[in-house]
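Architecture and fold: a report
What follows is the residue order along each chain.
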Amino acid sequence: MMYQAFLLTIPLLMVFQTSCINTSPLDSVKTIEQARAPKVSLSRLGELRNRAKFIGRSCKEVKDRYGQAEDGLYYLTTSTGVVYQTFCDMTTAGGGWTLVASVHEDNIYGKCTVGDRWTSQQGNNANWPKGEGNWANRKTFGTVEAATDDDFKNPGYYDIDAEDMSVWHVPNKTPFYHWNLAAIMRYHTERRFLHLYGGNLYYLFHRYPVEYNVGAHLSDNGPSIPIVYDLGDKESTKMFYGPNTRGETEGGFISFRAINHERAATAICSGVKPKGGEVDAYCIGGGGFFPQGNPLQCGDFTSFAWNGYGTNVGWSASKQMLESAVLLFYR
């Protein structure tokens, strides 16, 4: 079991050279999904196992203290001594980014059913306005290696005292050693904004609760923070969402606790700032109740398929966006 666990722990430096030349990004993703984990030597497995000896509460601490410069899986320790494994991005913009969560839509037609951990797994219910409440609690779920196959949340989400965030949109079922290569969009903040909101999303969402009827659109939204793109740009971000959304969004931001016309709250708007009240078409996560078209909006990716699955028509997002997990990092 130990051998199998570490066999998959391969840094991005050892990624297979897949046939990306003269192919489209989608062709590359198909190759990545089908790729097997590269083989590694026993000495390399020993190096990976030794990462368990590093002591740090974040990937940044591990990088600064031990000089680690490879992307991959590492072990971290919370302030209370809980040890957990996660992915560290040690290269982007100076490195030191800790993966703390992923939001994954496994069934856009299952409206607030099992698997919708970032909204509600118990239906669309006005009497349960906060839904699962996982944006502002200490529940953890999933595994780091399955972060693009299912929802993921580790103790770093509430334990790390961070300054900035990084977000990756990675096609579903991509193995972790190909996340960077396969991503359709990557960006990060540089404003140290989390210091203003308690140091992480756990505290930010206590200040801006994600629940039904907590406020009105635009006037009661949470903060929108400018981003720096590592892959993509403002215009390509907007193109991932439906054409109807482009007139009410501004690219180049990450936004929090956005409320729609019907007073339903969503948690995160990836890559955009809302300028209108149809946020359910381009923001993810939320409380336990979405009134419009009950229950058609309810779910982790809300109404991303309002005008058909992956059609990129009307309010529907593109298939690339709909079938990519949203990975959330702290630094």
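Now for a description of the structure that goes with this document. (Residues numbered from 1 in each chain as written. Predicted model: local features only at pLDDT ≥ 70, side-chain atom pairs only at ≥ 80, totals over all residues. Heavy atoms only, no water.)

Let's talk about the state of the cysteines
In the structure shown here, the tally under the stated rule is three disulfides. Residue C112 pairs covalently with C298 via a disulfide, S to S 1.8 Å. Because the torsion about its S-S bond is -75°, the bridge between C112 and C298 counts as left-handed. Of this pair, C112 sits in the loop between strand 3 (97-103) and strand 4 (152-153) while C298 sits in the loop between strand 13 (283-284) and helix 9 (319-322); the two residues are 186 residues apart in sequence, bridging distant segments of the chain. Its relative accessible area of 1% is what places C112 among the buried residues. Each bonded cysteine of the protein gets a number by its place in the sequence, and the pairs then read 1-2, 3-6, 4-5. (Disulfide = S-S within 2.5 Å. Helix = DSSP H or I, 4+ residues; strand = E, 2+ residues; numbered from the N terminus. Buried < 20%, exposed > 50% of the residue type's maximum accessible area, 1.4 Å probe, protein only.)

Some thoughts on the nonpolar core
Core analysis: the biggest nonpolar cluster contains 61 residues, and W135, M165, L201, F205, F256, I268 and L328 have the highest contact counts within it. In this structure F205 touches W135, A136, Y157, V210, F256, R257, A267 and I268, once residues within four positions along its chain are discounted. Ranked by size, the runner-up nonpolar core spans 16 residues in total, among them A147, F152, W179 and A183. (Core = buried A, V, L, I, M, F, W, Y, C linked by side-chain atoms within 4.5 Å. Contact = heavy atoms within 4.5 Å.)

It is worth stressing that arrangement in space is one thing and function is another; only the former is reported here.
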